[in-house]
Amino acid sequence: MVIAVDGPAASGKGTIARALAAHFGLPHMDTGSLYRAVGLAVLRAGGDPADAALAAKCARMLDVTALDDPALRESATARAASVISAHPEVRAALLECQRGFARQPGGAVLDGRDIGTVIAPDADIKIFVTASLEVRARRRQAETPERDLAVVHANLAERDARDSGRDAAPLRQAEDAILLDTSAMDREAAIARAIALAEARLAEKTALR
Ligand code: DC
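Described below are features of the structure shown in this document.

Relative to the helices and strands, glutamine 173 resides in the loop between α8 (149-165) and β5 (178-181). A residue is classified by how much of its surface remains accessible, and glutamine 173, at 32% relative accessible area, is partly exposed. The spacing of glutamine 173 and proline 88 is 85 residues in sequence and 20 Å in space, taken between C-alpha atoms. Those residues in contact with glutamine 173 that sit more than four places away from it in its chain are Phe128, Ile178 and Leu179. One polar contact links the side chain of glutamine 173 to the main-chain carbonyl oxygen of alanine 177, over a distance of 3.1 Å.

Let's shift gears to the packing of helix α2 (residues 32-44) against helix α4 (residues 75-84). Here α2 crosses α4 at 105°, and the two axes come no closer than 7 Å. Classified by the interaxial angle, the pair formed by α2 and α4 is roughly perpendicular. Side by side, α2 and α4 meet where Tyr35, Arg36, Val38, Gly39, Leu40, Val42 and Leu43 of the first sit next to Ala76, Thr77, Ala78, Ala80, Ala81 and Ile84 of the second. Classifying every residue of the contact of α2 with α4 gives 10 nonpolar, two polar and one charged.

This part is about the pairing of strand β3 (residues 108-112). Burial analysis of β3 places five of its five residues in the buried class, which makes it a mostly covered element. Judged by which residues are buried, β3 turns out to be covered on both faces: Ala108, Leu110 and Gly112 on one side and Val109 and Asp111 on the other are all buried. Taken together, the five bridges between strand β1 (residues 2-6) and β3 define a ladder with parallel strand orientation. Following the sheet pairing, valine 2 is matched in β3 by alanine 108. Relative to β3, strand β2 (residues 28-30) is paired through three bridges, and the arrangement is parallel.

The next point concerns the packing of helix α3 (residues 52-60) against helix α5 (residues 88-103). Axis separation between α3 and α5 bottoms out at 8 Å; the angle between their running directions is 10°. For the element pair α3 / α5, the angle class is roughly parallel. On α5, the residues that touch Ala52, Ala55, Ala56, Ala59 and Arg60 of α3 are Glu89, Val90, Ala93 and Leu94. A breakdown of the residues in the contact of α3 with α5 according to their chemical character gives seven nonpolar, no polar and two charged.

Before going further, it helps to spend a moment on the pattern of salt bridges. Going through the model one piece at a time under the given rule, you end up with 13 salt bridges. The closest approach of N and O atoms between arginine 103 and glutamate 96, which form a salt bridge, is 2.6 Å. Residue arginine 103 is classed as exposed on the basis of its relative accessible area, which comes to 57%. Taking the relative accessible area as the measure of exposure, glutamate 96 reaches 44% and is therefore partly exposed. Here the residues in one salt-bridge network are Arg79, Glu158 and Arg162, joined through shared partners.

This brings us to the site of the ligand. The immediate surroundings of the ligand are formed by 15 residues, with Arg36, Arg91, Arg113, Asp163 and Arg166 found nearest. Side-chain polar atom of arginine 159 to an oxygen atom of the ligand: 2.9 Å apart, as the coordinates give it. Separating an oxygen atom of the ligand from a side-chain N or O atom of aspartate 163 is a distance of 2.7 Å. Coverage of the ligand by the protein chains reaches 98% of its 450 Å² of free accessible surface. With respect to the detected pockets, the ligand is housed in the largest pocket. Elements supplying a minimum of two residues to the shell around the ligand: α2, α4 and α8. Element by element, the count of residues in the shell around the ligand is highest for α2, at three residues.

Reading the values: the criteria
Residues numbered from 1 in each chain as written. Predicted model: local features only at pLDDT ≥ 70, side-chain atom pairs only at ≥ 80, totals over all residues. Heavy atoms only, no water. Helix = DSSP H or I, 4+ residues; strand = E, 2+ residues; numbered from the N terminus. Buried < 20%, exposed > 50% of the residue type's maximum accessible area, 1.4 Å probe, protein only. Contact = heavy atoms within 4.5 Å. Polar contact = N/O pair within 3.5 Å; in protein donor to acceptor, adjacent residues only side chain to side chain. Axes fitted to C-alpha atoms, helices over the stretch in contact; angles between N-to-C directions. Parallel < 35°, antiparallel > 145°, perpendicular 65-115°, else oblique. Nonpolar A, V, L, I, M, F, W, Y, C, P; charged D, E, K, R; others polar. Pairing = 2+ DSSP bridges. Salt bridge = Lys/Arg side-chain N within 4 Å of Asp/Glu carboxyl O. Near = heavy atom within 4 Å. Areas by Shrake-Rupley, 256 points an atom, 1.4 Å probe, with all protein chains shown as cover. 1 Å grid on protein atoms, 1.4 Å probe; cavity = no way out; pocket = protein on both sides within 12 Å on 5 of 7 lines; lining within 4 Å. Sits in = over half its atoms within 2 Å of the grid points.

Spelled out as structure tokens, the structure:
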């Protein structure tokens, strides 16, 4: 069983994907961390994330087993990740490891921007998690309270525009994805709703077989 969870930054998709993985006993991949690791490698090489050739080289050299650097969560890394992820060469270099993860026996849960549209278009369950920009900015700021809400808001708006506006695998809801708007939900309510939606979709699919 493959579960695809997509959505914009700070929508809660990571939390929901981890909860679904625990609920169904499946392995989970946070594909954003792959793009973050490439962005970080470019920054550490003193390069410009807009440099497609350098970013693609970093993507091809990526050690996918070492994605626990705390610097991956920094906002400069998030911005670099959003820039390098628009290069088709970078996306091509990261495609196979994501598809391979999705294909493993028993299945998997993957979260990102293009899981339901590109990485696993045949996923059994697709959930598109979203929340208003205001709610996402407040949530993100709560994780790093020293940051100014207006700055967090502006950073998220910039990332939304870049992630949705690019030509290569832009962020968008797959036609067969279930929409989950978590704007008015707390963490527990969003998780409970996602599990209920996934169970319902699974029951529907089983009944059709
Ligand atoms: O989910 P995240 O915030 O960790 O993702 C960081 C960036 O990586 C995001 O702004 C766009 C990119 N990304 C992507 O293009 N495709 C994915 N499947 C996951 C992330």
